[in-house]
Amino acid sequence: MALNVLALRKDFPILERETRAGVRVTYLDSTATSQKPLAVIEAMNDFYRQSNANIHRGVHTLAEEATALYEDARGKIAKFINAASARQIIYTRNTTESINLVAYSWARANLKAGDLVVLTEMEHHSNLVPWHMLAAERGIELDFIPVTMDGLLDLDAYRALLKRTPKLVAFTQMSNVLGTVNPAAEIIRMAHEAGAVTLVDAAQSVPHLKVDVQELDADFLAFSAHKMCGPTGIGALYGKAELLESMPPFLGGGDMIKEVHLRSFRPNTLPHKFEAGTPAIAEAVGFGAAVDYLSAIGMDNIAAHEHEITEYALERLEEIPGVKVFGPPARHKGGVAAFTLEGVHPHDVAQILDKDGIAIRAGHHCAQPLHEKFGIQSTSRASFYLYNTKAEVDLLVNGIYKVKEVFA
Amino acid sequence: MDDMYREVIIEHYKNPSYRGKLDPHDISFADNNPLCGDHIQIDLRVDDSGNVADARFDGHGCAISQASADLLVESIIGKPLEEVKKLNKDSILEMLGIELGPVRLKCALLSLKVLKAGVYGLGEASDELVE
Ligand SMILES: Cc1ncc(COP(=O)(O)O)c(C=O)c1O
């Protein structure tokens, strides 16, 4: 079903914002963070106005209500990615913290010097640095599935890496620069055949595609609410129950314990074992509202709309002399167009577009090694979500022609 | 903000007068802006009386970072090092003749940070150097 974009844009108050007099914002930076619909803003507002209290341990009405709302949201999130049970959803601050949780808890209990972790050349820094840190501390080895010049993972090279029996394969399901949607189910199946555990960085996939953790057979999967219409400050780690159960706690403190004595403690059961201290309660409620919002529209409809916009954007961008778009063709790609404009630094592109209210991002987008691979320092990146239109792509294209004039 | 891309900035960006390296040199220092990966290297020759005899910059980055490096290098040739040490944020903004928000200010100040770290013989180009 085609999205009624003009109607759903009304759900996002910020899209009416003028960034200067008479200039309405054209928000093409949802890969960095998405905008938030009223349903999410109001759910959080209502929580603070009506139900705010600390969760668990409380018997008064507000505490019970807050606990129920916090746990209901967990249930919605579990259903959204088809997790078998809500206790397999651990609330974290974001994707980065979810990956670090696996690196600190699972990896420190299971990896020793010389063990191989396979990553890819298209990872975000958040799925590189935790492993660099572990390599420095533990002497684990890292190797990388190469990215081809068309922006796809080289699966033959991956097959060869698997012969070295890695303990973990950690990869992004969708690149935040190239937009490449990787064949996650196949990557996971191959990893399992080689005896490796898998971690999926789903920061870009869960917001834009239908993700089913059971169909993927993912062992761990990490994502952030703020990229999927939810608030900042909250994310999730999905894990297979037997893995999560076998892992030592990550942070220690209140809520993550069953009992505490002066010299010992017993950890709580899942998911609380990994949620130390007072969590982001209102944010969890907002996360649940975001999942409701996206589910009501339908992830397949959202993906189809983004595909249409991306196809159009690639076609229009490639018409511009001097523009080079990175990454695979639209059929392998989510709603991301990272490009360079000959003779103009991406910062200058972004700055001049900003005059017309067009918000894109410039830089290495936390994927410096990927840019090195392509021999560039940085790119300009426009990204698309359910609320973007072809008319906005036209504004972007006209804006790029203006940039060319300034630098002519 | 509207005249951020004044002709003089575009001109210094596209046709810099002082881009290159000095070999031999007395001082050479390079650093990056981690936000955007802009990179600047500055080489200096200093004469016996402590004046900058010659200077060049090299690197890559946006129009603001590269134009301000070219303007900065132009402005210090012939000047005593003691005077170079006194340059700060305002000196750069005056040369550029524009106002900048906090993000682009980092681009504009990278060359001065690199220059001062080199002159003081420091290991890193830090923000305090230009405040
Ligand atoms: C592919 C990918 N992984 C990880 C992250 C990190 O997400 P967060 O900053 O929410 O932890 C991002 C966000 O930019 C991303 O695009």
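Definitions and limits used
- Residues numbered from 1 in each chain as written.
- Chains lettered and ligands numbered in written order.
- Predicted model: local features only at pLDDT ≥ 70, side-chain atom pairs only at ≥ 80, totals over all residues.
- Heavy atoms only, no water.
- Domains from an automatic or database assignment.
- Buried area = accessible area lost by both parts, 1.4 Å probe.
- Salt bridge = Lys/Arg side-chain N within 4 Å of Asp/Glu carboxyl O.
- Polar contact = N/O pair within 3.5 Å; in protein donor to acceptor, adjacent residues only side chain to side chain.
- Nonpolar A, V, L, I, M, F, W, Y, C, P; charged D, E, K, R; others polar.
- Near = heavy atom within 4 Å.
- Areas by Shrake-Rupley, 256 points an atom, 1.4 Å probe, with all protein chains shown as cover.
- Helix = DSSP H or I, 4+ residues; strand = E, 2+ residues; numbered from the N terminus.
- Buried < 20%, exposed > 50% of the residue type's maximum accessible area, 1.4 Å probe, protein only.
- Arc of directions from axis to C-beta.
- Contact = heavy atoms within 4.5 Å.
- Pairing = 2+ DSSP bridges.
- Axes fitted to C-alpha atoms, helices over the stretch in contact; angles between N-to-C directions.
- Core = buried A, V, L, I, M, F, W, Y, C linked by side-chain atoms within 4.5 Å.

1. A short note on the domain arrangement of chain A
Residues and elements named next belong to chain A. According to the domain assignment, chain A contains domain 1 (5-30 + 298-406) and domain 2 (41-296). Of note, the centres of domain 1 and domain 2, computed from C-alpha atoms alone, are 28 Å apart. Looking at the side of domain 1 facing domain 2, the largest losses of area belong to M299, L370 and K373, adding up to 23% of the total buried there. Between domain 1 and domain 2 we count two salt bridges in total. Counting every contact that joins domain 1 to domain 2 gives 15 residue pairs in polar contact (both at pLDDT 80 or more). Residue composition of the side of domain 1 that touches domain 2, by class: 18 nonpolar, 10 polar and six charged.

2. A word on the site of the ligand
All names here are of chain A. In the vicinity of the ligand, 14 residues are found, and the nearest of them are T96, D201, Q204, S224 and K227. Between T95 and the ligand, the recorded distance is 3.4 Å, taken from a backbone N or O atom to an oxygen atom. One of the side-chain N or O atoms of K227 is found 2.7 Å from an oxygen atom in the ligand. Coverage of the ligand by the protein amounts to 88% of the 400 Å² it exposes when considered alone.

3. Considerations on the pattern of salt bridges
Residues and elements named next belong to chain B. Scanning the entire structure with this criterion turns up 31 salt bridges over all chains. Ionic pairing is found between D58 and K21, a salt bridge with its closest N-O pair at 3.6 Å. With D58 in strand β3 (residues 52-60) and K21 in the loop between α1 (7-14) and β1 (27-33), this residue pair connects regions lying 37 residues apart in the sequence. Here K113 and D127 are joined by a salt bridge, their closest N and O atoms 2.7 Å apart. Highlighted residues: K113 in helix α5 (residues 102-120) and D127 in the segment after α5, separated in sequence by 14 residues.

4. Looking at helix α4 (residues 89-96) of chain B
Residues and elements named next belong to chain B. Every buried residue of α4 is listed here: S91, I92 and L96. Angular distribution of buried residues about the axis of α4 spans 130°; they occupy a single face of the element. Close packing links the buried residues of α4 with α1, α2 (63-76) and α5. Capping of α4 at its N-terminal end is provided by N88; its side-chain oxygen lies 3.0 Å from the backbone amide nitrogen of D90. Backbone geometry just after α4 places G97 at a positive phi near 70°.

5. Some remarks on the sheet that holds strand β17 (residues 379-383) of chain A
Two orientations exist for strands paired in a sheet by backbone hydrogen bonds: parallel and antiparallel. Residue and element names in this part refer to chain A. With antiparallel pairing, the four strands of this open sheet are ordered in space as β13-β14-β17-β16. The sheet terminates laterally at β13 (323-326) and β16 (361-363), the two strands that pair on one side only. Strand-to-strand twist of the sheet, defined as the mean angle between neighbouring strand axes without regard to direction, takes the value 30°. Pairing of β13 with strand β14 (residues 336-341) involves four bridges; the strand directions are antiparallel. Paired with K324 across the bridge in β14 is T340.

6. Observations regarding the nonpolar core
Counting 81 residues, the largest nonpolar core has Y158, L221, F223, F287 and L386 of chain A as the members making the most contacts within it. For this core, the two domains that each supply at least three residues are domain 1 (5-30 + 298-406) and domain 2 (41-296) of chain A. Ignoring sequence-local partners within four residues, the contact set of L221 of chain A consists of L199, V200, A202, V206, V211, V213, L216, A236, L237 and Y238 of chain A. Residues L28 and A362 of chain A together with V73 and L100 of chain B belong to the second largest nonpolar core, which totals 71 residues.

7. Things to note about the interface of chain B and chain A
Contacts between chain B and chain A engage 19 residues on the former and 15 residues on the latter. Carbon and sulfur atoms supply 53% of the area buried between chain B and chain A, which totals about 1,400 Å² over both sides. Taken together, the connections running from chain B to chain A amount to one salt bridge. Remark: the boundary between chain B and chain A carries 10 residue pairs in polar contact (both at pLDDT 80 or more). Among the secondary structure elements, those contributing two or more residues to the side of chain B that touches chain A are α1, α2 and α5 of chain B. For the side of chain B that touches chain A, the element with the highest residue contribution is α1 of chain B, accounting for three residues. Considered class by class, the residues forming the side of chain B that touches chain A number 12 nonpolar, three polar and four charged.

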